[in-house]
Amino acid sequence: MNENKDRAEFEQETRQLFHKLHSAQANSDYIFKRLTSLLTTEYLKVPDDFFHGKVCLDAGCGSNANATYAMLEMGAEKVYAFDLNETIYETAPKMLQEFDNHRYELTTGSVLDIPFTANTFDFIHCGGVLHHSADVLLGLRELARVTKPGGMLYVH
């Protein structure tokens, strides 16, 4: 069997499992509020106005897009959020409905082939994604490629 095909299938299967979890989390205000409170300027050790005017990427945003929500709430000018497949469209728009949809954009893609040009983002959040990808080093290279010089890449 083709190893790349196996890896791609594994990534899609993993994404489906997380979609189920994220969708369930989105049904609980308590859980969603807790998730959105994890990404803060205090935690990142940056000034309170750090996100103001920033163009950000939420690489592997998950179906509930909680980090996208947090960045928008902290004043990001624009957040591009993407995940591996179209299941994000089932939940994420509901979670982000309080924000002007010109401030965020949802799309699909892989951290192994990020669909943006080099040096695009001031801040990138990538949480719980790389260890599920077929090539962690390639994913890190892609994230670094789209981070602006002097920008911040936060991976966990």
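Everything here concerns the structure above.
Procedures and definitions
- Residues numbered from 1 in each chain as written.
- Predicted model: local features only at pLDDT ≥ 70, side-chain atom pairs only at ≥ 80, totals over all residues.
- Heavy atoms only, no water.
- Helix = DSSP H or I, 4+ residues; strand = E, 2+ residues; numbered from the N terminus.
- Buried < 20%, exposed > 50% of the residue type's maximum accessible area, 1.4 Å probe, protein only.
- Contact = heavy atoms within 4.5 Å.
- Pairing = 2+ DSSP bridges.
- Right-handed = clockwise from strand over helix to strand, strands pointing away.
- Axes fitted to C-alpha atoms, helices over the stretch in contact; angles between N-to-C directions.
- Left-handed = near helix turned anticlockwise from the far one by under 90°.
- Nonpolar A, V, L, I, M, F, W, Y, C, P; charged D, E, K, R; others polar.

Asks: Give me the overall build of the chain: which residues, what numbers.
Replies: Secondary structure assignment for the chain yields 6 helices and 5 strands. Along the chain, helices (α) and strands (β) appear in the sequence α-α-α-β-α-β-α-β-β-α-β when read from the amino end. The buried share of the chain, taken over its 156 residues, is 47%. Once local pairs closer than 6 in sequence are excluded, the contacts in the chain between residues at least 24 apart make up 71%.

Asks: So what's going on with the pairing of strand S2 (residues 78–83)? Residues and values would help.
Replies: The element S2 is extensively covered by neighbouring structure, given that 6 of its 6 residues are classed as buried. Of the two faces of S2, both are covered, the one formed by Lys78, Tyr80 and Phe82 as well as the one formed by Val79, Ala81 and Asp83. Two strands pair when backbone bridges link them, and strand S1 (residues 55–59) and S2 are joined in this way by 5 bridges, in the parallel orientation. Residue pairing across strands places alanine 59 opposite phenylalanine 82, the latter belonging to S2. Since S1 and S2 lie parallel, the crossover through helix H4 (residues 66–73) that links them has a hand, and here it is right-handed.

Asks: Account for the packing of helix H2 (residues 29–36) against H4, with residues named and values stated.
Replies: The angle between the axes and the distance between the axes are what describe a pair of packed helices. At a minimum axis distance of 8 Å, the contact between H2 and H4 shows a crossing angle of 65 degrees. Considering the relative orientation of H2 and H4, their crossing is right-handed. The segment H2 lies against H4, with Phe32, Leu35 and Thr36 engaging Asn66, Tyr69 and Ala70. Tallied by class, the residues present in the contact of H2 with H4 amount to 4 nonpolar, 2 polar and no charged.

Read these as geometric descriptors, not functional statements.
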